[in-house]
Amino acid sequence: MRLSANLALGALLALTIARLWLMPLPSSLWMDETITAFLVQYGPAHPSLAALPTLSLFYTVLPRLFVALFGFSEIALRLPSVLAMAVALFLLARLAARLIHPQAAWIAAFACLTLRGFNFQATDSRPYALGMAVMAAAVWFLVRWLDGSRWWDEALFVLFAALLWRVLVVYWPFYLVFAGYVVARLAWKETNVTWWAAGGV
């Protein structure tokens, strides 16, 4: 694809992200986001949290950091989700380019931005966006490991896959996707990774 076309698509992607992800940031927190705000402001030991739904303490490190840097606001609480979804979007585009066609990255990126839930997670100060980023990273390194049999890709896949349930336990069904993809690649003999190595991982 020509450079001018890539620049035009990049500019369109940036404008779309600005409209869908950045403009809603100053809006008022919705009910579940107030749990994040409460946890960031008062800490997990506060007795009122005993009656609230649990939230990944692993996740709350990020909003605490942004609140410390930029002050307590809706924008500071939501910026970690924007960055996490940007990472997820980048990795999903890279996966499309690797698994389908180099130019499929643009299609994948814009297709993601048509999904209401995907855009909502980018402006939600809850752990779902971080979970998406960790999940996308796990898939990226899983594909790289099965393609090249490199130990560092294997190690990074294990790291991100292990982190996934710590970010948010509702992502547990995705472990079935990991296993199914590995079994399919092994059964179709599309990788140099052995059954023993895959089983160990």
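A brief report on the enclosed structure follows.

Each value, and the rule that gives it
- Residues numbered from 1 in each chain as written.
- Predicted model: local features only at pLDDT ≥ 70, side-chain atom pairs only at ≥ 80, totals over all residues.
- Heavy atoms only, no water.
- Axes fitted to C-alpha atoms, helices over the stretch in contact; angles between N-to-C directions.
- Helix = DSSP H or I, 4+ residues; strand = E, 2+ residues; numbered from the N terminus.
- Parallel < 35°, antiparallel > 145°, perpendicular 65-115°, else oblique.
- Left-handed = near helix turned anticlockwise from the far one by under 90°.
- Contact = heavy atoms within 4.5 Å.
- Nonpolar A, V, L, I, M, F, W, Y, C, P; charged D, E, K, R; others polar.
- Phe/Tyr/Trp six-rings, centres within 6.5 Å; stacked < 30°, edge-to-face > 60°.
- Lys NZ or Arg CZ within 6 Å of the ring centre and 35° of its normal.
- Salt bridge = Lys/Arg side-chain N within 4 Å of Asp/Glu carboxyl O.
- Buried < 20%, exposed > 50% of the residue type's maximum accessible area, 1.4 Å probe, protein only.

**As for the packing of helix H4 (residues 74-99) against helix H7 (residues 128-148)**
Then comes step 1: For the pair H4 and H7, interaxial distance at closest approach is 8 Å and the crossing angle is 25°. Taken together, H4 and H7 sit at an angle that is classed as roughly parallel. Between H4 and H7 the crossing geometry is left-handed. Contacts between H4 and H7 involve Ser81, Ala84, Met85, Val87, Ala88, Leu91, Leu92, Arg94, Leu95, Arg98 and Leu99 from the first element and Ala129, Leu130, Met132, Ala133, Ala136, Ala137, Val139, Trp140, Val143, Arg144 and Asp147 from the second.
Then comes step 2: Among the residues making up the contact of H4 with H7, the classes are represented as 17 nonpolar, one polar and four charged.

**Things to note about the packing of H7 against helix H8 (residues 151-167)**
Then comes step 1: It is at 8 Å that the axes of H7 and H8 come closest, and there the two elements cross at 155°. Considered as vectors, H7 and H8 are oriented roughly antiparallel to each other. Considering the relative orientation of H7 and H8, their crossing is left-handed. Taking contact as the criterion, the partners of Leu130, Gly131, Val134, Met135, Ala137, Ala138, Phe141, Leu142, Arg144 and Trp145 in H7 are, on H8, Trp152, Asp153, Glu154, Leu156, Phe157, Phe160, Ala161, Leu163, Leu164 and Val167.

**Regarding the packing of aromatic side chains**
Then comes step 1: By the definition in use, this model includes eleven aromatic pairs.
Then comes step 2: The interplanar angle of 40° and the centroid separation of 6.0 Å between the aromatic rings of Phe66 and Phe70 together place this pair among those described as tilted. Pair noted here: Phe66 and Phe70 are both in helix H3 (residues 57-70), with a separation of four residues, about one helical turn.
Then comes step 3: Clustering of aromatic rings is evident, with ring pairs tying together Trp145, Phe157, Phe174, Tyr175 and Phe178.
Then comes step 4: Between Arg98 and the ring centre of Trp140, over which it is positioned, the NZ or CZ distance is 5.4 Å.
Then comes step 5: Its end group placed over the ring of Trp165, Arg166 keeps NZ or CZ at 5.0 Å from the ring centre.

**Some words on the pattern of salt bridges**
Then comes step 1: Counting across every chain of the model gives six salt bridges.
Then comes step 2: A salt bridge links Glu33 to Arg78, with the shortest nitrogen-to-oxygen separation between them at 2.8 Å. Linking Glu33 in helix H2 (residues 31-42) with Arg78 in helix H4, this pair joins segments that are 45 residues apart in sequence. Arg78 shares its class with Glu33; the two are buried.
Then comes step 3: With a closest N to O distance of 2.7 Å, Arg185 and Asp147 form a salt bridge. A residue pair is termed long-range when its members are at least 10 positions apart, and Arg185 in helix H9 (residues 174-187) and Asp147 in helix H7 qualify at 38 residues.
Then comes step 4: You can call Arg185 buried: its relative accessible area is 7%.

Honestly, that's just the spatial picture; any functional story needs more than this.
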